[in-house]
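This is what each chain is made of:
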Amino acid sequence: MKVTIKTYNAVAYWRWDAPSDDVCGICRVQFDGTCPNCRFPGDDCPILNGKCGHSFHLHCVNDWIQTESSRGLCPMCRQKFEFEAE
Amino acid sequence: MSVDERKIAERMLMLELKEIQKENWVNAEAQNGNLFLWDVALVVLNPTSLYHGAYLKAELKIPKDYPMSPPEFRFLRPLFHPNIYKDGKLCISILHQPGEDEMSGELASERWSAAQRIFTVLISILSLLDDAEVSSAANVDASVMLRKDPEGYKRIVKENVETSKRDIPAGFQMPTSMDNKPPPKEEEDDDFWCDSGDSDFGADSDEDMIFGRVFSACGSRWQAAD
């Protein structure tokens, strides 16, 4: 028997490399969702994994780091917030 | 202040208020639907607390850029307490911006951060009541009395507690026990409370760390004026 595929629909899903029930420590939204400023999850609203082991939405932690009082420290563990280069 | 910031804060506060309203040790409401101004009352349920049975009304002002900046908290009926100013404001490190008063001796780890919540603030305030920091007082009289005349101090606190009961709203059912237990600490991360490696101090006892550290360092530093 010979089958000819005429058409197909490809479906894929993605998720961040983070535990699925994990939420951003700043906005408390799941990492698979967006920071409160964004509408579409994905590359437009990435997550940032700190070297200290704490992850946040890039936009959330950016807002925090930009406040003078944060002194560049992770809001969870107060170590200097540094992240792994991809 | 951007519109976005305000919206973010509003969304978070709405969720937090809902969450907090499930707790029986606090009675919280947004003033006229304004999520940036809350009427709260702390109900002291712990039977071993000096403040057991108190209904402590307070006002919570939340900045538009929350959670980047801490809320302001003020007891409407000021309590006689070493770390409470006569205007009802509190001296407690969690309400301080991490950057301000460098000389206070407060550790950065005890200050406000974007990972803190109204919930954690209220818990810290409750634990400050029975765990006053006498060495740096917002109310020096209270601080002196707690050290020199603890019985007299207790009497005044009892009066404060009785007075506070006048604020219990008609029809409000005072919870009698801690039956709805506070939910487990949100941060399960093991090293959350650890001092960062570059900290020189912080070898304090672990006892005050049940709900996270409460540390207060305002007003005049206590001088041994015996």
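Fair warning: this is a prediction, and the values are worked out from it, not measured in the lab.

**Focus: a nonpolar patch on the surface**
Residues and elements named next belong to chain A.
Okay, so step 1: A cluster of nonpolar side chains, namely Met1, Val3, Ile5 and Tyr8, defines an oily patch on the protein surface of about 620 Å² accessible area.
Okay, so step 2: By the secondary structure assignment, Val3 is in the segment before strand S1 (47-49).
Okay, so step 3: Using a relative accessible area of 61% as the deciding quantity, one classes Val3 as exposed.

**Observations concerning the packing of aromatic side chains**
All names here are of chain B.
Okay, so step 1: All chains considered together, the criterion is met by seven aromatic pairs over all chains.
Okay, so step 2: Ring geometry for Trp25 against Phe119: centres 5.7 Å apart, planes inclined by 75°, an arrangement best described as edge-to-face. Placement of the pair is Trp25 in the loop between helix H1 (3-21) and strand S1 (26-31) and Phe119 in helix H2 (residues 118-129), with a sequence separation of 94 residues. For the pair shown, Trp25 and Phe119 are each scored as buried.
Okay, so step 3: Between the aromatic rings of Tyr66 and Trp112, the centroid separation amounts to 6.0 Å while the plane-to-plane angle is 45°, which identifies the pairing as tilted. Taken as a pair, Tyr66 in the loop between strand S3 (55-61) and strand S4 (72-75) and Trp112 in the loop between S4 and H2 lie far apart in primary sequence, 46 residues in all.

**What about the UniProt feature "active site" (unreviewed entry) in chain B?**
All names here are of chain B.
Okay, so step 1: UniProt feature "active site" (unreviewed entry): in the numbering of this structure it lies at Cys91.
Okay, so step 2: Counting through the fold element by element, Cys91 comes out in the loop between S4 and H2.
Okay, so step 3: Judged by relative accessible area, which is 0%, Cys91 ranks as buried.

**Considering the nonpolar core**
Okay, so step 1: Counting 48 residues, the largest nonpolar core has Trp38, Leu42, Phe73 and Phe75 of chain B as its most contacted members.
Okay, so step 2: In terms of residue count, the dominant contributor to this core is H2 of chain B (nine residues).
Okay, so step 3: Each residue touching Phe75 of chain B, except ones within four places of it in the same chain, is listed here: Leu42, Leu56, Lys57, Ala58, Ile84, Asp87, Gly88, Leu90, Ile125 and Leu129 of chain B.
Okay, so step 4: With 22 residues, the next largest nonpolar core counts Trp16, Cys74 and Cys77 of chain A together with Ala114 of chain B among its residues.

**Re the pattern of salt bridges**
Okay, so step 1: Applying the stated criterion to the full structure yields eight salt bridges over all chains.
Okay, so step 2: Among the salt bridges present, the one from Asp32 of chain A reaches Arg15 of chain A, with a minimum N-O distance of 3.7 Å. On the criterion of sequence distance, the pair formed by Asp32 of chain A in the segment before S1 and Arg15 of chain A in the segment before S1 is long-range, its members being 17 residues apart.
Okay, so step 3: Asp32 of chain A sits in the partly exposed class, given a relative accessible area of 27%.
Okay, so step 4: Looking at Arg15 of chain A, the relative accessible area reads 36%, which means it is partly exposed.
Okay, so step 5: For Glu151 of chain B, the salt bridge is made with Lys154 of chain B, and the minimal N-O distance between the two is 3.6 Å. Of this pair, Glu151 of chain B and Lys154 of chain B both sit in helix H4 (residues 150-164), three residues apart, roughly one helical turn.
Okay, so step 6: Of the residues examined, Glu151 of chain B reaches a relative accessible area of 49% and is grouped as partly exposed.

**Here's the deal with the pairing of strand S2 (residues 34-43) of chain B**
Residue and element names in this part refer to chain B.
Okay, so step 1: When you tally the buried positions in S2, you get eight out of ten residues, the bulk of the element.
Okay, so step 2: Looking at chain direction, S1 and S2 are connected through six bridges and run antiparallel. Paired with Ala28 across the two strands is Val40, which belongs to S2.
Okay, so step 3: The turn linking S1 back onto S2 is made up of two residues, and Asn32 within it adopts a positive phi angle of 50°.
Okay, so step 4: Pairing between S2 and S3: seven bridges, direction antiparallel. Within S3, the position partnered with Val43 by the bridge is Tyr55.

**Description of H4 of chain B**
Residues and elements named next belong to chain B.
Okay, so step 1: For H4, which comprises 15 residues, the first-to-last C-alpha distance of 21 Å matches the rise-based estimate of 21 Å (1.5 Å per residue) to within 8%.
Okay, so step 2: For H4, the full list of buried residues reads Gly152, Tyr153, Val157, Asn160, Val161 and Ser164.
Okay, so step 3: Where H4 is buried, its residues contact S3 and helix H3 (140-148).

**What about the side chain of Ser49 of chain B?**
Residues and elements named next belong to chain B.
Okay, so step 1: Counting through the fold element by element, Ser49 comes out in the loop between S2 and S3.
Okay, so step 2: For Ser49, a relative accessible area of 6% corresponds to the buried category.
Okay, so step 3: Residues contacting Ser49, with those up to four places away along its chain left out, are Val44 and Asp130.

What counts, and where the lines are drawn
Residues numbered from 1 in each chain as written. Chains lettered and ligands numbered in written order. Predicted model: local features only at pLDDT ≥ 70, side-chain atom pairs only at ≥ 80, totals over all residues. Heavy atoms only, no water. Patch = residues over 30% accessible without salt bridge, like charges linked within 9 Å, V, L, I, M, F, W, Y side chains within 5 Å. Areas by Shrake-Rupley, 256 points an atom, 1.4 Å probe, with all protein chains shown as cover. Salt bridge = Lys/Arg side-chain N within 4 Å of Asp/Glu carboxyl O. Helix = DSSP H or I, 4+ residues; strand = E, 2+ residues; numbered from the N terminus. Buried < 20%, exposed > 50% of the residue type's maximum accessible area, 1.4 Å probe, protein only. Phe/Tyr/Trp six-rings, centres within 6.5 Å; stacked < 30°, edge-to-face > 60°. UniProt positions renumbered as here; feature names shortened; annotations may be inferred. Core = buried A, V, L, I, M, F, W, Y, C linked by side-chain atoms within 4.5 Å. Contact = heavy atoms within 4.5 Å. Pairing = 2+ DSSP bridges. Expected span 1.5 Å × (residues − 1).

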